[in-house]
Amino acid sequence: MEKEKIIKKIKNENLLGRSGSMFPVASKWKAVKGNPGEKKFVVCNASEGELETFKDLFLLENFAEEVVKGIKTAGSVLQAEKEYIYLNAGYFEKVKYFLKRAKEEKIDVFSKKGGYIAGEETSIMEAIEGKDPEPRPKPPFPSEKGLWGYPTLVNNVETFYCVTKIVEGKYKRERFYSLSGDVSQKGVFCFSENI
């Protein structure tokens, strides 16, 4: 599929970021693509630091191919210099196949202890640059000045999974949820966005 058509298809499907901000994914991709910079970067946020949350882990364990393909699709569309994954430190032993696929696709994997705040998008960029994972003031936003001052796309695991489903024509407008705590059945469940 042509690169411009991919962004258009993402827009037509009204894909919203799965990090919690619900920001339109096509708008973020267009911003990174349109902002000036000699280099562009793509970051997959797999930090998942919220307590009792594990849907991203579920996707990395069960849909590694789709997540990796989504990351590489973004890299191709944005003509990125490099793609990165910022991975929860506790997930390394659990997602070995995913890590193997990421390595084969030359996606660099990073992790740094720092608690919940280390998963904030600008904290992730600080960590990748070798600094302490502390948030940067915004603006400028990562799409303007991200890694090393260049336009950077930051999306989370489920968003990249959805991108692959859209490209393949298999997107069903569903969302993954972690259920834990005082419930009869813990786990990850997929529900329609219309519920």
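Attention in this report is confined to the structure presented alongside it. (Residues numbered from 1 in each chain as written. Predicted model: local features only at pLDDT ≥ 70, side-chain atom pairs only at ≥ 80, totals over all residues. Heavy atoms only, no water.)

What follows is about the overall build of the protein chain. Along the protein chain, the regular secondary structure elements total 7 helices and 6 strands. Starting at the N terminus and walking to the C terminus, you meet the elements of the protein chain as α-α-β-α-α-β-α-β-α-β-α-β-β. Expected size for 195 residues packed as a compact globule is a radius of gyration near 16 Å; at 16 Å, the protein chain falls within 12% of this value. Reported as C-alpha extents along the three principal axes, the dimensions of the protein chain are approximately 50 × 40 × 35 Å. Split into buried and exposed, the 195 residues of the protein chain put 44% on the buried side. In the protein chain, 62% of the contacts between residues at least 6 apart in sequence involve partners at least 24 apart. Summed over its atoms, the accessible surface of the protein chain is roughly 10,200 Å², and 50% of this surface lies on carbon and sulfur atoms. Each charge class in the protein chain can be summarised by its mean position, and for the 33 positive and 29 negative side chains these summaries are 5 Å apart. (Helix = DSSP H or I, 4+ residues; strand = E, 2+ residues; numbered from the N terminus. Rg over C-alpha atoms; globule rule 2.2 N^0.38 Å. Buried < 20%, exposed > 50% of the residue type's maximum accessible area, 1.4 Å probe, protein only. Contact = heavy atoms within 4.5 Å. Areas by Shrake-Rupley, 256 points an atom, 1.4 Å probe, with all protein chains shown as cover. Lys, Arg positive; Asp, Glu negative; His and termini not counted. Charge placed at Lys NZ, Arg CZ, Asp CG, Glu CD.)

Let us now look at the pattern of salt bridges. Tallying each qualifying case throughout the model produces 18 salt bridges. Between Glu 126 and Lys 131 there is a salt bridge; the shortest N-O distance is 3.8 Å. Connected through shared salt-bridge partners, Glu 65, Lys 100, Arg 101, Glu 104 and Glu 105 make up one network. (Salt bridge = Lys/Arg side-chain N within 4 Å of Asp/Glu carboxyl O.)

Residues in a regular strand project their side chains so that they alternate between the two faces of the sheet. Across the 6 residues of strand S2 (residues 82–87), 5 count as buried, placing the element largely inside the fold. Inspection of the sheet shows strand S1 (residues 41–46) paired to S2 by 6 bridges, in the parallel sense. Following the sheet pairing, Asn 45 is matched in S2 by Tyr 86. Pairing of S2 with strand S3 (residues 108–110) involves 3 bridges; the strand directions are parallel. When the sheet's bridge partners are listed, Tyr 84 is paired in S3 with Asp 108. (Pairing = 2+ DSSP bridges.)

What follows is about the side chain of Glu 83. Positionally, Glu 83 belongs in strand S2. Polar contacts involving the side chain of Glu 83 include one to the side chain of Lys 72, which spans 2.9 Å. Once you skip the residues sitting within four places of it in the chain, Glu 83 turns out to touch Val 42, Ile 71, Lys 72, Gly 75, Lys 106, Ile 107 and Asp 108. (Polar contact = N/O pair within 3.5 Å; in protein donor to acceptor, adjacent residues only side chain to side chain.)

Turning next to the packing of aromatic side chains. Evaluated as defined, the whole model comprises 7 aromatic pairs. Within the aromatic cluster, the residues linked to one another by ring pairs are Phe 41, Tyr 84, Phe 110, Trp 148 and Tyr 150. (Phe/Tyr/Trp six-rings, centres within 6.5 Å; stacked < 30°, edge-to-face > 60°.)

Moving on, we get to the packing of helix H4 (residues 64–77) against helix H5 (residues 96–104). Contact geometry for H4 and H5: axes closest at 9 Å, N-to-C directions at 30°. Judged by the angle between their axes, H4 and H5 are roughly parallel. You can see that H4 and H5 cross each other, and the crossing is right-handed. For the pair H4 and H5, the contacting residues are Ala 64, Glu 65, Val 67 and Val 68 in the first and Tyr 97, Phe 98, Arg 101 and Ala 102 in the second. Broken down by class, the residue content of the contact of H4 with H5 amounts to 6 nonpolar, no polar and 2 charged. (Axes fitted to C-alpha atoms, helices over the stretch in contact; angles between N-to-C directions. Parallel < 35°, antiparallel > 145°, perpendicular 65-115°, else oblique. Left-handed = near helix turned anticlockwise from the far one by under 90°. Nonpolar A, V, L, I, M, F, W, Y, C, P; charged D, E, K, R; others polar.)

A word on H5. Phe 98, Leu 99, Arg 101 and Ala 102 are the residues of H5 that are buried. Buried residues in H5, looked at end-on, bunch into an arc of 160°, giving them a common side. Across from the buried face of H5, at angles greater than 90 degrees, the exposed residues are Lys 96 and Lys 103. Of the surrounding elements, those touching the buried residues of H5 are helix H3 (55–62), H4, S2 and S3. The positive-phi residue at the C-terminal boundary of H5 is Lys 106, with phi of around 60°. (Arc of directions from axis to C-beta.)

Time to look at a nonpolar patch on the surface. Judged by side-chain polarity, Tyr 177, Leu 179, Val 183 and Phe 191 come together as a nonpolar surface patch covering roughly 300 Å² of accessible area. Its location among the elements puts Val 183 in the loop between strand S5 (174–179) and strand S6 (187–192). We classify Val 183 as partly exposed; its relative accessible area is 37%. (Patch = residues over 30% accessible without salt bridge, like charges linked within 9 Å, V, L, I, M, F, W, Y side chains within 5 Å.)

Another aspect to go through is the nonpolar core. Residues Ile 10, Trp 29, Leu 60, Ile 85 and Phe 98 are the most contacted members of the largest nonpolar core, which totals 40 residues. Counting residues per element, the ones that place at least two in this core are helix H1 (3–12), helix H2 (25–34), S1, H3, H4, S2, H5 and helix H7 (157–167). Apart from residues lying up to four places away in sequence, Leu 60 is in contact with Ala 46, Val 67, Leu 87, Tyr 91, Val 95, Phe 98 and Val 157. Listed in part, the 10 residues of the second largest apolar core include Phe 41, Val 43, Ile 124 and Val 154. (Core = buried A, V, L, I, M, F, W, Y, C linked by side-chain atoms within 4.5 Å.)

That is the geometry; function is a separate question.
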